[in-house]
Amino acid sequence: ELFPPADPQVLWMGINTFLFVYYYLFYDHGLQFLYTRHIVGSGLSWARAPAAVLNFNCMLILLPVCRNLLSLIRGNFTVTVHTIAHLFNMERFNNSRQGKGDELSTELSELGDEANQTFLNPIRSTSTTPTYVVFTTIAGLTGVIITLALILMITSSMEIIRRCYFEVFWYTHHLFIIFFAGLVFHGAGWVTLAEITVPFWARRIVRSVKTTDPPHNISFCEDQPANWGLIPQCPIPQFAGGFPQTWMWVIGPMVLYLCERIVRFVRYMQTVTYRKIVIRPSKVLELQLVKAGFKMEVGQYVFLNCPDISQLEWHPFTMTSAPEEDFFSVHIRVVGDWTEKLMSMVEKLPEGAQGPKIGVDGPFGTASEDVFDYEVSMLVGCGIGVTPFASILKSIWYKFKESNPTLRTRKIYFYWLCRETHAFEWFADLLQVLEREMEERGMGSFLTYKLFLTGWDQSHAAHVKVHFDKDTDVVTGLKQKTYYGRPHWDNEFTEIRNNHPTSVVGTFLCGPEALAKTLEKKCAKFSVVDPRGIKFYFNKENF
């Protein structure tokens, strides 16, 4: 029996919460940081706890960055908290150095002015300003650089930038190299550029009392700074920064990312040939491609690059071919500059000629790969979002032809929503073959499909009315008639629940986010609490 996977967002939130609480309490109650807290107050904990969360998220960022840098946005809140807390800390350090604090704060700030002393306050003179410290120390300068890099990456991730100025988006997101390099050196602490020869962990802004002989008794000495160095229990405290940890969080993912980039480059250099180029109705371009050693599964996608259009742009397309075929294909809807240029290039080609040079990266997995793990599957595609299901239905057809015993799926419900009639044409051939094949094998009930036309005019409606009594649909030529309007999902889920009261149903969507939210709610609504009853598990791909 299938069990729902653990929600990764809950796990991610749990780890972040644990790290924040643990390090907040560590810096807020640790006796070794008492003197630092006395100067900067709670700003210490509010700077260090988000820093720990930031380290964890930067480690995670480099895993999905192997395919998508947008995950950087998830870390911006902790960066903001960390930055603001340190700005307050610098102001408190400056006030203490100017003698505006109490006796203990002033005494702590003056440590390090004499020989054989170590400092706690990074502002080393009353004439030094926080701005000077920020721009003349490694931690301050790298902090400014990584903050600016993050701001540029976040703003260039806006949809309008990605769609209209893709190369701006591409170039700015390569600032992640500067971001991570700066992040590693950011842990070097408040060592000035002129003092860079000194071990960097010795000058970190977060400094604690280090163990000496005789030891400095913090609890006994904190209220009598005038006696420091005069009584045995209170030798002058010595301070040291902790060893930097950021590099330990990110080094593993950085190595993995470097390996992944090498793999991408090797894939790009492999030759791709055109088996067939077909211009389909409704501005859809079908490319059938061949690449040595290429292996795929149903519902997977590839990234395509056409150097004649842009050396930088890589675009994802779901494959419409089946793993059983000796080629892989994609159906590309012509929308936007890149696809329009590609279409204009292939339109000029003589019949049977090879198309422009193309690079292929992939294949990459999606939720649709799991469709055969369910005895009952519910497939929902919108417009060109039908592409992963074309691959699935083709693969099922091949499995039936070969009488594949590993096919676990016993029933498929397929829904396709389109705005215009031409969009059905390129996919109707496949459905006709499946329809005929299932009937010949006595399995006409295996596939139930419903096509919904969501946009039509009055003349089209009149034409359909005249030909309504025909055996085949006037739009698709299929025996199953086309529905007009949108599905009533409550009715559809009720029908499936009644037909399969004890089954586990996989619901797969390739469509817009709004429909995803609707179907996710319906899956929860129509799943029963009884473990013996029907369960709907939702899977999605958005576009």
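What comes next concerns the included structure. Nothing here was measured: the structure is a model prediction, and the numbers come from that model.

A tally of helices and strands in the protein chain yields 18 helices and 14 strands. Across the 543 residues of the protein chain, 50% fall into the buried class. A separation of at least 24 residues holds for 73% of the contacts in the protein chain among residues at least 6 apart in sequence. Accessible area of the protein chain: about 27,300 Å², with a carbon and sulfur share of 59%.

Another aspect to go through is helix 10 (residues 176-186). Of the residues making up helix 10, those classed as buried are F176, F179, F180, G182 and L183. Seen along its axis, helix 10 keeps its buried residues to an arc of 165°; they face one direction. Seen from the buried face of helix 10, the exposed residues on the opposite side, beyond 90 degrees, are I177 and F185.

To continue, consider the pairing of strand 13 (residues 504-511). Of all 8 residues in strand 13, 8 are buried; the element is thus mostly enclosed. Residues of strand 13 alternate between two faces, with V504, G506, F508 and C510 on one and V505, T507, L509 and G511 on the opposite face, all of them buried. Note that strand 9 (residues 376-382) and strand 13 share 6 bridges and pair parallel. Looking at strand 13, one finds that V376 is bridged to V505.

Next up on the list: a nonpolar patch on the surface. Taken together, the side chains of L258, I262, F265, V266 and M269 present a nonpolar region at the surface, about 530 Å² in accessible area. By secondary structure assignment, the location of V266 is in helix 12 (residues 246-269).

This paragraph deals with the sheet that holds strand 3 (residues 272-280). Ordered in space as 3-4-7, the 3 strands form an open sheet in which the pairing is antiparallel. In the strand order of this sheet, the two ends are held by strand 3 and strand 7 (328-333), each with one partner. Between one strand axis and the next, the sheet turns through 20° on average, direction left out of account. Summarising the sheet, strand 4 (residues 284-291) and strand 7 pair through 6 bridges and their orientation is antiparallel. What sits directly across from Q288, in strand 7, is S329.

For the pair helix 17 (residues 489-499) and helix 18 (residues 513-526), interaxial distance at closest approach is 11 Å and the crossing angle is 40°. On the basis of their axis angle, the class for helix 17 and helix 18 is oblique. For the pair helix 17 and helix 18, the crossing hand works out as right-handed. Where helix 17 approaches helix 18, its residues W489, D490, F493, T494 and R497 are matched on the opposing element by L515, T518, L519, K522, C523, K525 and F526.

In this section: helix 13 (residues 337-347). Along helix 13, the residues classified as buried are W338, T339, L342, M343 and V346. Mapping the buried residues of helix 13 onto a view down its axis gives an arc of 130°, with all of them on the same face. Away from its buried face, by an angle of more than 90 degrees, helix 13 presents the exposed residues D337 and E347. Residues of helix 13 that are buried sit in contact with strand 3, strand 4, strand 5 (301-305), strand 6 (315-318) and strand 7.

Moving on, we get to the state of the cysteines. In protein structure, a disulfide is the covalent linkage between the sulfur atoms of two cysteines. Scanning the model with the defined rule gives 1 disulfide in all. What pairs with C221 in a disulfide is C234, and their sulfur atoms sit 2.0 Å apart. Torsion about the S-S bond of the C221 and C234 cystine: about -100°, corresponding to left-handed handedness. Of the two residues, C221 sits in helix 11 (residues 218-221) while C234 sits in the loop between helix 11 and strand 2 (239-241), which places them 13 residues apart along the sequence. C234 shares its class with C221; the two are buried.

With that out of the way, let us pick up the packing of helix 7 (residues 138-156) against helix 9 (residues 166-173). Where helix 7 meets helix 9, the axes come as close as 9 Å, and the angle between the chain directions of the two elements is 150°. The orientation of helix 7 with respect to helix 9, classified from their angle, is roughly antiparallel. The element helix 7 and its partner helix 9 pack so that their crossing is left-handed. Here helix 7 contributes L152, M153 and S156 to the contact with helix 9, which in turn contributes F169, T172 and H173. Within the contact of helix 7 with helix 9, the residues separate by chemical class into 3 nonpolar, 3 polar and no charged.

Calculation rules
Residues numbered from 1 in each chain as written. Predicted model: local features only at pLDDT ≥ 70, side-chain atom pairs only at ≥ 80, totals over all residues. Heavy atoms only, no water. Helix = DSSP H or I, 4+ residues; strand = E, 2+ residues; numbered from the N terminus. Buried < 20%, exposed > 50% of the residue type's maximum accessible area, 1.4 Å probe, protein only. Contact = heavy atoms within 4.5 Å. Areas by Shrake-Rupley, 256 points an atom, 1.4 Å probe, with all protein chains shown as cover. Arc of directions from axis to C-beta. Pairing = 2+ DSSP bridges. Patch = residues over 30% accessible without salt bridge, like charges linked within 9 Å, V, L, I, M, F, W, Y side chains within 5 Å. Salt bridge = Lys/Arg side-chain N within 4 Å of Asp/Glu carboxyl O. Axes fitted to C-alpha atoms, helices over the stretch in contact; angles between N-to-C directions. Parallel < 35°, antiparallel > 145°, perpendicular 65-115°, else oblique. Left-handed = near helix turned anticlockwise from the far one by under 90°. Disulfide = S-S within 2.5 Å. Nonpolar A, V, L, I, M, F, W, Y, C, P; charged D, E, K, R; others polar.

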